[in-house]
Amino acid sequence: MSEEQENMTIIAFSGDLDKLWPTMILSSTAAATGMNVTVFFTFWGLFPLVKEDVRITGKDAMTKMLAGMNAPGFQGAKLSKMNMGGMGRRMMRKVAKKGNLMPPEELFDICQDMGVNMWPCQMTMDLLGIAPEQMRPNLGVPVGAATALQMMSKSQVSLFI
Amino acid sequence: MSEEQENMTIIAFSGDLDKLWPTMILSSTAAATGMNVTVFFTFWGLFPLVKEDVRITGKDAMTKMLAGMNAPGFQGAKLSKMNMGGMGRRMMRKVAKKGNLMPPEELFDICQDMGVNMWPCQMTMDLLGIAPEQMRPNLGVPVGAATALQMMSKSQVSLFI
Amino acid sequence: MSEEQENMTIIAFSGDLDKLWPTMILSSTAAATGMNVTVFFTFWGLFPLVKEDVRITGKDAMTKMLAGMNAPGFQGAKLSKMNMGGMGRRMMRKVAKKGNLMPPEELFDICQDMGVNMWPCQMTMDLLGIAPEQMRPNLGVPVGAATALQMMSKSQVSLFI
């Protein structure tokens, strides 16, 4: 191992509530141990970064419909299984709270405070017709797959979540 | 870093339409930047490689039933969520088309043209009773987990999608 | 490459039957080729490690409900798709048996015999109120994300499954 700072890159693809936890827990933990951490939010994974009061309008009827079924923001995130119309999601959030596990949106803030790079996927923004001002503040400049790949190729740990 | 060519290996496990995009986008992008890219298609991930006119006959009633529920070919690929009996899939394909994002089957062809190694999983073929002539042309020789692992252990980037 | 033993680390997040196979096949194959393999069982991934006769009692009504919907043990594991109330799961197990693919619980035993490190996630155990004696025998000491990350950062292959 060299003296250089180690890198971890996570491709946050799913946007599911239960997968936001490992993404944010691993990111904050890695940042706390001095690693340079980057999360590339793409496809469904972009939705948590969209402001919760934004109604994704899209460019056309199709985009509108697809976007309309997937609520924006961390509060809109569903469980990948047993979501049961939102009941599983609420239960999971309560279980986490009782167990003193921070919700993913608070872990996200902590990650940002620790300098984790939060990169929105430009292509997903274009596809869904999302403008930068509709996203949470203090994100990185939107990038493409090539930039994410470049970071992964020099990362000791790369995960697709 | 050495002067050697870098490697990326993706285990394409899911076969979901929405996960075929990152698999093919990352593969084509990596190949375009000079990386040696390998995609190992296993379990559900094998289905997109099966010719669309193939009726997977299987070895017995069980295989037939399991295979019958999962349509072969890229056209058979469903969304991992919000598939809604195929409506989500069609919408996603339309959104992609309007946004000038190529469908995964076209990205697959481009990947092949750029020399991305497309490795079908031998074990999955055996399990489902799929013969090599029922698969798309120009794939690599079917291999097992050991070969995929060997490639991953010398890859700068390994992802399970 | 150095003379040192190579490492592979898998974050077993999903707990799905169909994802237990690649986790266990890759782990046993890597161990057989001399790699040092670690599997970190977290979130849904922890359930297969819980003894099948254990009724997860949880700390409160919420935990009880969440845990009650997800049966413990390898036998409780469902398919990530097409589970169809358990029919898909039974079919998949039959297809595997006919194809001479060992069930994941047997592959797990083999992995343990070959020295694969099986690490339960401490945080998940705390969240669900699972005591060490309710888990399968011969597991590693429960650890947190920091320990898993440390192992990943020196691994040639790290996967999130």
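Residues numbered from 1 in each chain as written. Chains lettered and ligands numbered in written order. Predicted model: local features only at pLDDT ≥ 70, side-chain atom pairs only at ≥ 80, totals over all residues. Heavy atoms only, no water.

Caption draft 1: Structural detail: the sheet that holds strand β1 (residues 7-12) of chain C. Residues and elements named next belong to chain C. Ordered by their spatial adjacency, 4 strands build an open sheet running β3-β2-β1-β4, and the pairing between neighbours is parallel. The sheet is open, and its two borders are formed by β3 (117-120) and β4 (157-160), each paired with just one other strand. Between one strand axis and the next, the sheet turns by 15° as a mean value, whatever way the strands run. Alignment of β1 against β4, held across 4 bridges, turns out to be parallel. Residue pairing across strands places Ile 10 opposite Leu 159, the latter belonging to β4. Against the sheet, helix α6 (residues 145-153) touches β1, β2 (36-41), β3 and β4, its axis set at about 145° to β1. (Pairing = 2+ DSSP bridges. Helix = DSSP H or I, 4+ residues; strand = E, 2+ residues; numbered from the N terminus. Axes fitted to C-alpha atoms, helices over the stretch in contact; angles between N-to-C directions. Contact = heavy atoms within 4.5 Å.)

Caption draft 2: Highlighting the sheet that holds strand β3 (residues 117-120) of chain B. Residue and element names in this part refer to chain B. The strand order across the open sheet formed by 4 strands is β3-β2-β1-β4, and the pairing between neighbours is parallel. Looking along the sheet, the strands with just one partner apiece sit at the ends: β3 and β4 (157-160). Neighbour to neighbour, the strand axes of the sheet diverge by 15° on average, direction disregarded.

Caption draft 3: Highlighting the interface of chain A and chain C. Between chain A and chain C, the residue contacts involve 32 residues of the former and 26 residues of the latter. Interface area, chain A with chain C, both sides summed: about 2500 Å², of which 82% is carbon and sulfur. The largest per-residue losses of area from chain A upon contact with chain C belong to Met82(A), Met91(A) and Val95(A), which jointly make up 23% of the total buried on that side. Connecting chain A to chain C are 0 salt bridges. At the surface where chain A touches chain C, the tally comes to 1 residue pair in polar contact (both at pLDDT 80 or more). Elements that contribute at least two residues to the side of chain A that touches chain C include exactly α1 (17-32), α3 (87-98) and β4 (157-160) of chain A. Looking at the side of chain A that touches chain C element by element, the count peaks at 8 residues for α1(A). (Buried area = accessible area lost by both parts, 1.4 Å probe. Salt bridge = Lys/Arg side-chain N within 4 Å of Asp/Glu carboxyl O. Polar contact = N/O pair within 3.5 Å; in protein donor to acceptor, adjacent residues only side chain to side chain.)

Caption draft 4: Expanded view of the relation of the copies chain B and chain C. For the match of chain B to chain C, the screw axis carries a shift of 0.0 Å, the RMSD comes to 0.0 Å, and the turn is 120°. Each copy turns onto its partner about a three-fold axis. Of the interface residues in chain B, just 12% have counterparts in chain C that sit at the interface too, so the contact is made through distinct surfaces. (Least-squares fit on C-alpha atoms with pLDDT ≥ 70 in both.)

Caption draft 5: Representation of the packing of aromatic side chains in the model. Evaluation of the coordinates by the stated rule reveals 18 aromatic pairs over all chains. Ring centres of Trp44(C) and Phe47(C) lie 6.4 Å apart, and the angle between their planes is 25°; on these two criteria the pair is classed as stacked. Trp44(C) sits in the buried class, given a relative accessible area of 3%. On the basis of relative accessibility, which here comes to 4%, the residue Phe47(C) falls in the buried class. In textbook terms, an aromatic cluster arises when at least three aromatic residues are bridged by ring pairs, as seen for Phe13(A), Phe43(A), Phe160(A) and Trp21(B). (Phe/Tyr/Trp six-rings, centres within 6.5 Å; stacked < 30°, edge-to-face > 60°. Buried < 20%, exposed > 50% of the residue type's maximum accessible area, 1.4 Å probe, protein only.)

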